[in-house]
2 protein chains.
Amino acid sequence: TQQLLSGRAPQSKPFRITNADRSVKKGIMAEALEDLMNKVSDSLNVSCVSALVLDEDGTGVETEDFFQTLPENTVLMVLDKAQKWTPHPYSIPYRNQL
Amino acid sequence: TQQLLSGRAPQSKPFRITNADRSVKKGIMAEALEDLMNKVSDSLNVSCVSALVLDEDGTGVETEDFFQTLPENTVLMVLDKAQKWTPHPYSIPYRNQL
């Protein structure tokens, strides 16, 4: 127990990474933001990752400490320089139709 | 356990900070209102932060004790002197259509 409390070794967590048009989504394990950035550029063929944002509301994930608060299986969108986050096309209209 | 109960060390919590036109949103960790103010001006390029308000209804967050009541991942809008909070463009019309 002591080791668990004091060691604080970073643990790999699963994330779900999508691209800017949400045409591809992949599960990727990562223990740190930089680790995830590296794996994402390989896995989703983004040569120059400019940002990683929360798929749900476009919040930029730029710091390691904020990254560590994300729950398992958070959906993140990877953006290159020319790309911007857009709201999920179904989220607003469908809510209205309830 | 005693240390945990008596220490009361301020704990960093995640917040989501957006700018006045909601074009940028970033995840930022902060343990106190002043801490957040400093990080926000760096991270969102606001040279002179005049106010931090709740994104949902424009409530000004000016005191440390009110700030401490905010739940994790509260969305806050940063304003400089010339800027004012405005309602979210989608929230009112869509809610009315229910």
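Scroll up for the structure.
Residues numbered from 1 in each chain as written. Chains lettered and ligands numbered in written order. Predicted model: local features only at pLDDT ≥ 70, side-chain atom pairs only at ≥ 80, totals over all residues. Heavy atoms only, no water.

### Considering the side chain of N19(B)
Residues and elements named next belong to chain B.
Part 1 of the reasoning: Inspection of the secondary structure puts N19 in the loop between β1 (13-18) and β2 (25-30).
Part 2 of the reasoning: A distance of 3.0 Å separates the side chain of N19 from the backbone nitrogen of S23, its partner in a polar contact.
Part 3 of the reasoning: Setting aside its immediate chain neighbours within four residues, N19 contacts V24, L44, M77 and V78. (Helix = DSSP H or I, 4+ residues; strand = E, 2+ residues; numbered from the N terminus. Polar contact = N/O pair within 3.5 Å; in protein donor to acceptor, adjacent residues only side chain to side chain. Contact = heavy atoms within 4.5 Å.)

### Here we look at the pairing of strand β2 (residues 25-30) of chain A
All names here are of chain A.
Part 1 of the reasoning: Examined bridge by bridge, strand β1 (residues 13-18) and β2 share six bridges and lie antiparallel to one another. Bridging from a neighbouring strand, F15 pairs with I28 of β2.
Part 2 of the reasoning: Hairpin geometry of β1 and β2 is characterised by an intervening segment of six residues between the two adjacent antiparallel strands and by a positive phi of about 60° at R22. (Pairing = 2+ DSSP bridges.)

### Remarks on the pairing of β1(A)
All names here are of chain A.
Part 1 of the reasoning: The buried count for β1 comes to five of six residues, which makes it a mostly enclosed element.
Part 2 of the reasoning: In this structure, β1 lies alongside strand β4 (residues 75-80), joined through three bridges in parallel fashion. Looking at the pairing, R16 lines up with V75 of β4. (Buried < 20%, exposed > 50% of the residue type's maximum accessible area, 1.4 Å probe, protein only.)

### Digging into the pattern of salt bridges
Part 1 of the reasoning: Evaluated as defined, the whole model comprises eight salt bridges over all chains.
Part 2 of the reasoning: Here R16(B) makes a salt bridge to E56(A), at a shortest N to O gap of 3.3 Å. Taken as a pair, R16(B) in strand β1 and E56(A) in the loop between β3 (49-54) and α3 (64-68) lie in two separate chains rather than in one.
Part 3 of the reasoning: Here K25(B) makes a salt bridge to D57(A), at a shortest N to O gap of 3.4 Å. Placement of K25(B) in strand β2 and of D57(A) in the loop between β3 and α3 is noted, with the two residues assigned to different chains. Each of the two residues, K25(B) as well as D57(A), counts as buried. (Salt bridge = Lys/Arg side-chain N within 4 Å of Asp/Glu carboxyl O.)

### A few points about the sheet that holds β3(A)
As a general point, the strands of a sheet are linked pairwise by backbone hydrogen bonds and lie either parallel or antiparallel.
All names here are of chain A.
Part 1 of the reasoning: Taking strand neighbours across the sheet as the criterion, the four strands line up as β2-β1-β4-β3 in an open arrangement whose pairing is mixed. Two strands bound the open sheet, and with one partner strand each, they are β2 and β3. The average angle at which neighbouring strand axes cross in this sheet is 35°, direction not considered. (Axes fitted to C-alpha atoms, helices over the stretch in contact; angles between N-to-C directions.)

### Here's the deal with the environment of D35(B)
Residue and element names in this part refer to chain B.
Part 1 of the reasoning: In this structure, D35 sits in helix α2 (residues 33-43).
Part 2 of the reasoning: Judged by its relative accessible area of 22%, D35 is partly exposed.
Part 3 of the reasoning: A C-alpha to C-alpha distance of 9.7 Å links D35 and S12, two positions 23 residues apart in sequence.
Part 4 of the reasoning: Apart from the residues within four sequence positions on either side, D35 is in contact with M29 and A30.

### What about the side chain of K13(B)?
Residue and element names in this part refer to chain B.
Part 1 of the reasoning: Mapping K13 onto the fold places it in strand β1.
Part 2 of the reasoning: E72 is the oppositely charged side chain nearest to the buried, salt-bridge-free K13, at an N-O distance of 6.9 Å.
Part 3 of the reasoning: At 3.3 Å, the side chain of K13 forms a polar contact with the backbone oxygen of Q68.
Part 4 of the reasoning: Residues within four places of K13 in sequence aside, it is in contact with I28, M29, A30, Q68, L70 and E72. (Lys, Arg positive; Asp, Glu negative; His and termini not counted.)

### Notes on the sheet that holds strand β4 (residues 75-80) of chain B
Residues and elements named next belong to chain B.
Part 1 of the reasoning: Spatial ordering of the open sheet is given by β2-β1-β4-β3, a layout of four strands whose pairing is mixed. Bordering the open sheet on either side are β2 and β3 (49-54), each of which pairs with just one other strand. Recorded for the sheet is a direction-independent mean angle of 35° between the axes of neighbouring strands.
Part 2 of the reasoning: Against the sheet, α2 makes contact with β1, β2, β3 and β4, and its axis sits at roughly 145° relative to β2, the strand it touches most.

### Section: the nonpolar core
Part 1 of the reasoning: By size, the foremost hydrophobic cluster in this structure holds 18 residues, and its most contacted members are F15(A), I17(A), L36(A), V61(A), L70(A) and L76(A).
Part 2 of the reasoning: At three residues, helix α2 (residues 33-43) of chain A tops the list of elements feeding residues into this core.
Part 3 of the reasoning: Leave out the neighbours within four places in its chain, and L76(A) touches F15(A), R16(A), I17(A), T18(A), L36(A), L52(A), V53(A), L54(A), D55(A), V61(A) and L70(A).
Part 4 of the reasoning: By size, the runner-up hydrophobic cluster in this structure holds 16 residues, among which are I28(B), A30(B), F67(B) and L76(B). (Core = buried A, V, L, I, M, F, W, Y, C linked by side-chain atoms within 4.5 Å.)

The values are spatial; any link to function lies outside them.
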